[in-house]
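Working through the structure, step by step
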Amino acid sequence: MATAEVTHEAHDDHGHHEDEGFFKKYLWSVDHKVIAVQYLVTGMAMAVIGGFFAYVFRMQLAFPGEAVPGFGIVSPAEYNALVTNHGTIMIFWVAMPVLIAAFGNFLIPLMVGCDDMVFPKINRLSYQIFLLSAIVLISSFFVEGGGFGGAWTAYPPLSAVSEYNLTPLGATLWVVAVALEFVAFLLGGINFITTAMNSRAPGMRLYDIPMAVWMIVVASILFMASVGPLIAGAIMLIFDQTLNTGFFDPAKGGDPVLWQHLFWFFGHPEVYVVLLPALGFVAEIITTFSRKPLFAYRTVLYTVFGTGILSFTVWAHHQFISGIDPRMAHIFTITTLLISVPIAEMMFVYIATLYKGSITLNTPMLWALAFIGEFLIGGVTGIFLGASGPDVFYHDTYFVLAHFHYTFFPIAIIGSFCGLTYWWPKMTGKMMNETLGKIHFWGTVIPFNVIFLPLFVLGQLGQHRRIYSYEGFGELMREDVWLGMGMQDMRVLATMALVVMLAFQVVFFVNVFITLRKKEKDAGPNPYNANSLEWLAPSPPGHGNFAELPTVYRGPYEYSHPDRKAKGTDFWPQWEKE
Amino acid sequence: MSPPRSTADLRVIDDPRPLPAVPSAVLGTLVFILTEIMMFAGMISAFQITRASAVLGWPPPGQPRLPADETLINTIALLLSGVALFWAGRRFERDRREARAPLLLAFALGAFFVVFQGVEWVALLRDGLSMTSSQHGAFFYLIVGTHGIHVIGALCVMAMVVQRHQQGRLASSTFQAMRVFWYFVVGVWPLLYTLVYL
Ligand code: HEM
Ligand SMILES: [Cu+2]
């Protein structure tokens, strides 16, 4: 029986590894872990901005016309810009950079057992372009006319014609920022896919790749395949804005619905682009903390690919009232209902993984369980929207808004906290405070439901999205509609819950601060007795990640294996030979 | 009570770091090309939809016709450039030094394509076809221009390859990745030519 000798391949394109100054080390680094932290910190800073925007426009909805503490009176144009950029930021500058770029960068080389990405310099360029895109977006809020207010979906002619949107500069900067961000993720995605395929540790077969890595890889493939048409659309939109072309202008023979197709052809796969990484983190966490193998690993993998393919066939469910042929609407109804099947399957798989496990309810596990519960609500309400009949009523109401917040919040916020709390010891070498972690968890998840459950009801009652103030609409100001509350009371309730939720985020930052100040590194390489390769590396991993590049002998989810139980342990790391 | 399908069976690992089936540079390029294909697909479908719904016919009355015949020459030049590069690749694998002539030929034909197109654009602009003159003009410059930028970008990479080759430090995988990208740029052109010019 021959065994592998681990070879230390010198990757000559990895740059020089000496200790360099702050600039070289933190801003010009090609190390995947440093780039991960750059993405993480930038993404979290953008989350603070996006959260502040939500606070301001929610205050306006609860107390229309009154000065918002910390902002002042909100004008209608400002309201539109805040809503538009809240959505844009949360999807493109928080969910994408944190879930895919930060965790993808940190985890992929560690989990497949290599020392860095295959293209480290492209990786560095990716972050630099991303940072530039964030700066362009932020600067768009301060130009003449203010930030773009035509919704994150940027439908023309509103987005294309400055006489309509009144933000000639803001609108263009917005599109440019989004386009730059896409370039950044293209470069990142090339690295993720290539590294996971070509740099795996000896012995690691395709079915030994941890789910978190697979999910990020599939998400990257989906992104790369879906973003092309939107890049084309973005170029056309910029031309319409700046060169006076008429690609989307009916007066010049163009077609505004064309943009909707280009946008949603990307837009729907994009929801799976952000969903999959979060699903991957949850898979790692629930197996580790229920000490059970992932139920039906291969089926999950095939399902993920199947979902990815299906996700290219449902986009027009966003356009049921855009004048599409009702027969087309039927087809897209069917594909949309179909795609909820694999998503539901994935939820059942996770529940089956938990079944009869010996469960540890620590902070990462709480986040993972919350993900499953909350996302279920989002997925189930999607089915109502996917049926073209009910959607004619629901479209652009708060029901849609509540639906996608019950999907995006679990993905972007709960999913990020899943990953952060679970891999924090690996990133820093220090354990976080569990009590603070749990306070933060409950202080986030309970208010989240208090914000968005009333919004389902408001949507049912016909409340439209993207409206500055409901005071002028008598039928949207009715009293005593739900649990004794009037419609305005429910708006106030949702806003108050948001303020509470934002306040509880302070607990998280306190926890981070306390942990970072701790002197001793108390985590050790493998604090959870987990199996995958990142737990072999020291915490935090040094340059080159592993003292000796590992060899893989089995899959990542061999928990509670009978052979090992006989020897007195319930885990079997991928890197251990016997 | 063993799990239904175990990945725990003992395995024999005799190849420490097997060479990847597709070199990383090539794989990365292929992934990038996937996005490129989808981008051109987006542009082409937008073009087809707009063209199909043009009430005044296509190309619109009063707008200059595209020089389809001259461009056929240019198309052939670009295709020949792809052939020359393929030839360069074959020679490179046999004896690295021999690749120089076909490599330079590929570059020259590619550069010819760009210059030819530049001349053509100047004439068309003079005849009154611009991005704002009609949807016809807008899509022409959008699609053909996007492709032209790709050709120019790929030529820059090719110039780098030529230089490295001369200095004797051209990595085989870099050359291969460059070739794959050039085949894409060349391969997509006949499709664009047929759809836009004919
Ligand atoms: C992966 C998790 C999901 C995410 C992140 C997500 C996200 C979104 C977002 C952002 C929107 C609103 C877009 C806008 O107009 O601004 C939306 C609408 C919609 N979603 Fe989802 N969704 C998810 C899952 C689902 C599922 C599983 C279904 C159906 C089975 C579904 C069906 C719909 C439909 C039909 C609409 C359009 C409603 C309308 O605008 O009238 N979604 N979703
Ligand atoms: Cu959708």
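None of these values were measured; they are calculated from a predicted model.

The next thing to look at is the overall build of chain B. Broken down by element type, chain B carries 5 helices and 0 strands. Listing the helices and strands of chain B from first to last along the sequence gives α-α-α-α-α. Computed over C-alpha atoms, the radius of gyration of chain B comes to 22 Å, more than 25% over the 16 Å expected from 2.2 N^0.38 for 198 residues, which places it beyond the range of a compact globule. Residue burial in chain B is summarised as follows: out of 198 residues, 46% are buried. Across chain B, contacts joining residues at least 24 apart in sequence account for 79% of those joining residues at least 6 apart. Summing over all exposed atoms, chain B offers an accessible surface of approximately 9700 Å²; the carbon and sulfur share of this is 66%. Between the mean site of the 15 positive side-chain charges and the mean site of the 11 negative ones, chain B shows a separation of 5 Å.

Further remarks concern the site of ligand 1. Residues and elements named next belong to chain A. Near ligand 1 there are 23 residues, and of these W152, D391, H395, H403 and R465 occur at the shortest range. Within the side chain of D391, an N or O atom sits 2.5 Å from an oxygen atom of ligand 1. With respect to ligand 1, the side chain of H395 contributes an N or O atom lying 2.7 Å from an oxygen atom. Counting only elements with at least two residues in the shell around ligand 1, the list comes to α8 (256-290), α10 (326-354), α11 (363-386) and α13 (398-428). If you tally residues by element for the shell around ligand 1, the top one is α13, at 6 residues. Tallied by class, residues from the shell around ligand 1 come to 11 nonpolar, 9 polar and 3 charged.

Glancing now at unusual backbone geometry. P157 of chain A follows P156 of chain A through a cis peptide bond whose omega is 5°. Examined against the element boundaries, P157 of chain A turns out to sit in the loop between α4 (120-140) and α5 (162-165). For the bond from W58 of chain B to P59 of chain B, the omega torsion is -5°, close enough to zero to count as cis. Within the secondary structure, P59 of chain B is located in the loop between α1 (24-52) and α2 (68-94). Residues other than glycine seldom take positive phi values, yet L483 of chain A does so here, at roughly 50°. Looking at the element boundaries, L483 of chain A is found in the loop between α14 (434-460) and α15 (487-517). In this structure, S560 of chain A takes a positive phi of about 55° despite not being glycine. Assignment of secondary structure puts S560 of chain A in the loop between α15 and α16 (562-566).

All names here are of chain A. Counted by the stated rule, this structure contains 13 salt bridges over all chains. Among the salt bridges present, the one from D31 reaches K33, with a minimum N-O distance of 3.3 Å. Each member of the pair, D31 as well as K33, is classed as buried. Note that E434 and K438 form a salt bridge whose closest N and O atoms lie 3.7 Å from each other. One end of the pair is E434 and the other is K438, both in helix α14 and 4 residues apart, which spans about a single turn.

So, on to helix α6 (residues 168-198) of chain A. For α6 of chain A, which comprises 31 residues, the first-to-last C-alpha distance of 46 Å matches the rise-based estimate of 45 Å (1.5 Å per residue) to within 8%. With respect to burial, α6 of chain A is a largely interior element, 23 of its 31 residues being buried.

Here we come to the coordination of the iron atom of ligand 1. Residue and element names in this part refer to chain A. Here the protein supplies the iron atom of ligand 1 with just one donor, H403 (NE2), and that contact is 2.2 Å long. The copper ion (ligand 2) is placed at 4.6 Å from the iron atom of ligand 1. Positionally, H403 belongs in helix α13.

So, on to α8 of chain A. Residue and element names in this part refer to chain A. For α8, spanning 35 residues, the distance from its first C-alpha to its last is 51 Å, which sits close to the expected 51 Å at 1.5 Å a residue. At W264, α8 is deflected by roughly 30°, the largest bend along its length. N-cap assignment for α8: the residue whose side-chain oxygen lies 3.0 Å from the backbone N of V257 is D255. Backbone geometry just downstream of α8 places R291 in the positive-phi region, at approximately 50°.

Turning next to the side chain of S311 of chain A. Its location among the elements puts S311 of chain A in the loop between α9 (297-310) and α10. In this view, S311 of chain A contacts L222, H268, P269, Y272 and I339 of chain A; residues no more than four positions away in its chain are not counted.

What follows is about the coordination of the copper ion (ligand 2). Residue and element names in this part refer to chain A. In the first shell of the copper ion (ligand 2), the protein supplies H268 (ND1), H317 (NE2) and H318 (NE2), at 1.8 to 2.1 Å from the metal. Positions of the donor residues of the copper ion (ligand 2) along the chain correspond to the pattern H-x48-H-H. By relative accessible area, which is 23% here, H318 ends up partly exposed.

All names here are of chain A. Running from N to C, helix α3 (residues 76-112) and α8 cross one another at 45°; their axes reach a closest spacing of 11 Å. Considered as vectors, α3 and α8 are oriented oblique to each other. The two elements α3 and α8 meet at a crossing, and its hand is left-handed. For the pair α3 and α8, the contacting residues are I91, F92, A95, M96, L99, I100, F103, L107 and M111 in the first and F266, E270, V273, V274, P277, F281 and E284 in the second. For the contact of α3 with α8, the per-class residue count stands at 14 nonpolar, no polar and 2 charged.

Enumeration according to the criterion identifies 69 aromatic pairs over all chains in this entry. A centroid spacing of 5.3 Å and a plane angle of 35° characterise the contact between Y193 of chain B and Y197 of chain B, whose relative ring orientation is tilted. Of this pair, Y193 of chain B and Y197 of chain B both sit in helix α5 (residues 172-197), separated by 4 residues, roughly a single helical turn. One exposure class covers both Y193 of chain B and Y197 of chain B, and it is buried. In this arrangement the basic side chain of R298 of chain A is found over the ring face of Y207 of chain A, its NZ or CZ atom lying 3.6 Å from the centre. For R179 of chain B, the ring lying beneath its charged end belongs to F175 of chain B, and the centroid distance is 4.6 Å.

Quick look at a nonpolar patch on the surface now. Residues and elements named next belong to chain A. A contiguous nonpolar patch, built from L337, L376, I377, V380, I383 and F384 and spanning about 450 Å² of accessible area, is present on the exposed surface. Take the nonpolar patch: its biggest share by element is 5 residues, from α11. When you line up the elements, I383 lands in helix α11. We classify I383 as partly exposed; its relative accessible area is 36%.

Turning next to the confidence of the model for chain B. Residues and elements named next belong to chain B. Across chain B, the average pLDDT comes to 91, with 91% of residues at 70 or higher. This stretch, residues 1-5, has a pLDDT under 50; its non-local contacts, to residues over four places away or in other chains, come to 6 contacts. Of the two predicted TM-score estimates for the complex, the pTM is 0.93 and the ipTM is 0.92.

Bringing the environment of M211 of chain A into the picture now. Residue and element names in this part refer to chain A. Within the secondary structure, M211 sits in helix α7 (residues 211-242). Of the residues examined, M211 reaches a relative accessible area of 0% and is grouped as buried. It is 12 Å that separates the C-alpha atoms of M211 and F305, two residues lying 94 residues apart in sequence. When sequence neighbours within four positions are dropped, the list of residues in contact with M211 reads G280, A283, E284, L294, Y297, V300, L301 and Y557.

Residue and element names in this part refer to chain A. Take T407: it is sitting in helix α13. A distance of 2.8 Å separates the side chain of T407 from the backbone oxygen of F404, its partner in a polar contact. Residue contacts for T407: discarding those within four places in its chain leaves F375, G378 and G379.

Cut-off values and rules
- Residues numbered from 1 in each chain as written.
- Chains lettered and ligands numbered in written order.
- Predicted model: local features only at pLDDT ≥ 70, side-chain atom pairs only at ≥ 80, totals over all residues.
- Heavy atoms only, no water.
- Helix = DSSP H or I, 4+ residues; strand = E, 2+ residues; numbered from the N terminus.
- Rg over C-alpha atoms; globule rule 2.2 N^0.38 Å.
- Buried < 20%, exposed > 50% of the residue type's maximum accessible area, 1.4 Å probe, protein only.
- Contact = heavy atoms within 4.5 Å.
- Areas by Shrake-Rupley, 256 points an atom, 1.4 Å probe, with all protein chains shown as cover.
- Lys, Arg positive; Asp, Glu negative; His and termini not counted.
- Charge placed at Lys NZ, Arg CZ, Asp CG, Glu CD.
- Near = heavy atom within 4 Å.
- Polar contact = N/O pair within 3.5 Å; in protein donor to acceptor, adjacent residues only side chain to side chain.
- Nonpolar A, V, L, I, M, F, W, Y, C, P; charged D, E, K, R; others polar.
- Salt bridge = Lys/Arg side-chain N within 4 Å of Asp/Glu carboxyl O.
- Expected span 1.5 Å × (residues − 1).
- Donors = N, O, S within 2.8 Å, 3.2 Å for Na, K, Ca; no water.
- Bend = angle between axes of the 7 residues up to and from the residue.
- Axes fitted to C-alpha atoms, helices over the stretch in contact; angles between N-to-C directions.
- Parallel < 35°, antiparallel > 145°, perpendicular 65-115°, else oblique.
- Left-handed = near helix turned anticlockwise from the far one by under 90°.
- Phe/Tyr/Trp six-rings, centres within 6.5 Å; stacked < 30°, edge-to-face > 60°.
- Lys NZ or Arg CZ within 6 Å of the ring centre and 35° of its normal.
- Patch = residues over 30% accessible without salt bridge, like charges linked within 9 Å, V, L, I, M, F, W, Y side chains within 5 Å.
- pLDDT = per-residue confidence, 0-100.

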